[in-house]
Every structure is written in C-alpha cells, then in structure tokens.
Amino acid sequence: MAALESIGEQHQLKDGSNISSASSASSGAFKLESIVISKVTVKSSHKSEKRFAVFEVNIEASAGSLRWPVHRRYSSFATLHQNLRTEGYQQLPTLPDKRIMGNFDPQFLEQRRVQLEGYLQELLRMPRVRASSPFLGFIGGGLGRHAPGTAHTIALAQARLTPPPPPPPPPP
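Since the model is a prediction, treat every value here as computed from it, not as a measurement.

The rules behind the values
Within each chain, residue numbers correspond to sequence positions counted from 1 in written order. Since the coordinates come from a predicted model, pLDDT governs what is reported: local features require at least 70, and pairs of side-chain atoms require 80 or more to be given and counted, while whole-chain, interface and lining totals use all residues. No hydrogens and no water enter the side-chain calculation; it runs on all heavy atoms of the structure. By convention, a stacked pair of Phe, Tyr or Trp rings (six-membered ring in the case of Trp) has centres within 6.5 Å and planes under 30 degrees apart, an edge-to-face pair has planes over 60 apart, and any other such pair is tilted. Under the DSSP-based scheme used, a helix requires at least four consecutive residues in state H or I and a strand at least two consecutive residues in state E, with every element numbered from the N terminus. Any residue under 20% of the maximum accessible area for its type is buried, any over 50% is exposed, and the rest in between are partly exposed; the area is computed with a 1.4 Å probe on protein chains only. Placement of a positive charge over a ring is assigned whenever Lys NZ or Arg CZ falls within 6 Å of the ring centre and within 35 degrees of the normal to the ring plane. Within this scheme, the nonpolar core is defined by two criteria: the residues are buried Ala, Val, Leu, Ile, Met, Phe, Trp, Tyr or Cys, and they are joined through side-chain atoms within 4.5 Å. The predictor attaches a confidence to each residue, and that confidence, scored 0 to 100, is pLDDT. By definition, residues are in contact when any of their heavy atoms lie within 4.5 Å. Working rule for helices: expected span equals 1.5 Å times residues minus one. Read the arc as the range of directions from the helix axis to the C-beta atoms. Should DSSP find at least two bridges between two strands, the strands are regarded as paired. Convention adopted: a line fitted to C-alpha atoms gives each axis, helices being fitted over their contacting stretch, and angles between N-to-C directions are expressed from 0 to 180 degrees.

J.: Quick question: what am I supposed to make of the packing of aromatic side chains here?
T.: This structure, assessed with the given rule, holds 2 aromatic pairs. Look at F55 and F77: their rings are 6.0 Å apart centre to centre, the planes differ by 85°, and that puts the pair in the edge-to-face class. Of this pair, F55 sits in strand β5 (residues 51-61) while F77 sits in helix α1 (residues 74-86), and the two are 22 residues apart along the sequence. Overall, F55 belongs to the buried group, its relative accessible area being 2%. Three or more aromatic residues link up through ring pairs in this structure, and these residues are F55, F77 and F138. A cation over a ring is seen here: R51 above F104, with NZ or CZ 4.4 Å from the ring centre. Geometry around F138 places R72 over its ring, the cationic atom sitting 5.3 Å from the centre.

See the structure below:
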C-alpha cells in the first residue's frame, strides 16, 4: 500500500501521483468540490432488533470527473468531529446534537440530513480541514470496519482520487 507524504494541502503518493483538496485539477492534482447527502435510510442490525440511520454522502472532485458515495452513520460524523478536534482544529462548525428519542421520525431524519450536509459543506470550505487525515478518511469510501483517519482509509480516499491510467497508444 502506498504511503502519503503531506505537502501543505497536497498529498503525494510515493509513486509520484498527487491529490489535493485545494489545488486545481490543471496542476495535476484533484480538487474536492462538493459534498451532498442525497438520502438517509433506516436499517436494522442482523444480530439484534436495533435500528440505525445511514446517510448516503456523495463526493465530487475535479469538475465532476470523479464521483463516489460513502455511507455513514451519525457516529461516523461524531468521530470525524472528535478526530479533527484531537488534531487541533478548534474553529469547527457545530455538529448537530445526538438525539435519543424520536430519531427515526421522517421529519427529524430530513432535518438531520440537511444539518449534516451543512456541516460537511462548512468543513469543505476550510482548506486545512479538507486536507486533513480525518476528513480524507471520512470521504474515503469502501472503508468497511476501518475507522476514519487511519492510514488505510487515507490510502482508500487517495485511491478514489487517483486518475485511471491513460489508454494504451493505438497500434502502428
């Protein structure tokens, strides 16, 4: 697995490919452009009767040329927020409070979707935050059991932002 070297707001793989949450696509790096929570689904655990809400977060980069969804529970947003604070980011937008009762009401879920989308959009406007390990881990996608901010999730986020190889040249 490739490792990241942090270069300001740009991250470089050891193979020389770059990602950036602030540079333009013309510089050879990719720019994160939008984050939208398109829907929320209530699911239940296979092992128990517990229900939980899953938010589909859609990420777009490089003028729409790269798009991918990630699915996150509220606890993933809370972990992202805590990890950012742990890394020293203090001027963060307010994360909506956790709610114990009535948290599967459709009106509440729609309100929560809008609030969490606003939270992510505020983070996206913060260049240092959007280049941080916790944020890149959060948007990484395909994370399975890996916690946001780990080296593995950063590599997954980066893999999502790595362009496909160019097509082979036509035969002579």
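Now that the structure is up, let's keep going.
J.: Honestly, the nonpolar core in this entry has me stumped. Any pointers?
T.: Soluble globular proteins tend to bury their nonpolar side chains together. Residues L32, F77, L120, L123 and I139 are the most contacted members of the largest nonpolar core, which totals 30 residues. The set of elements that each furnish at least two residues to this core consists of β4 (32-44), β5, β6 (66-72), α1, α2 (106-124) and α4 (133-138). A per-element tally of this core places α2 first, with 7 residues.

J.: Explanation requested: the confidence of the model for the protein chain in the structure shown.
T.: For residues with low pLDDT, the predicted coordinates do not support detailed interpretation. On average, residues of the protein chain score 74 in pLDDT, and 66% of them reach the 70 mark or higher. Confidence, read as mean pLDDT per element, is least for strand β1 (residues 4-7) in the protein chain (31) and greatest for α1 (96). Considering only residues more than four positions removed or in separate chains, one finds that residues 1-28, a stretch of pLDDT under 50, has 63 contacts. pLDDT under 50 marks residues 142-154. Its contacts with residues more than four places away, or in other chains, come to 25 contacts.

J.: When you look at α2 in this model, what are you seeing that I'm missing?
T.: Owing to its 3.6 residues per turn, the α-helix brings residues three or four apart onto one side. For α2, which comprises 19 residues, the first-to-last C-alpha distance of 27 Å matches the rise-based estimate of 27 Å (1.5 Å per residue) to within 8%. The set of residues buried in α2 consists of F108, L109, R112, R113, L116, E117, Y119, L120, L123 and L124. Seen end-on, α2 carries its buried residues on one side only, within an arc spanning 165°. The elements touched by buried residues of α2 are β4, β5, α1, α3 (127-130) and α4.

J.: In this structure, what is going on with the sheet that holds β4? I would like to understand it.
T.: Pairing between sheet strands relies on hydrogen bonds along the backbone, with the strands arranged either parallel or antiparallel. The strand order β4-β5-β6 describes an open sheet built from 3 strands, whose pairing is antiparallel. The outermost strands of the open sheet, each flanked by one partner alone, are β4 and β6. Each strand of the sheet is rotated relative to its neighbour by a mean of 20°, with strand direction disregarded. Here β4 runs beside β5; their pairing, made up of 11 bridges, is antiparallel. Note on β5: the bridge partner recorded for T41 is V54. Sitting on the sheet, α1 is in contact with β4, β5 and β6, with an inclination near 60° to β5. Packing of α2 onto the sheet brings it into contact with β4 and β5, and relative to β4 it is tilted by some 150°.

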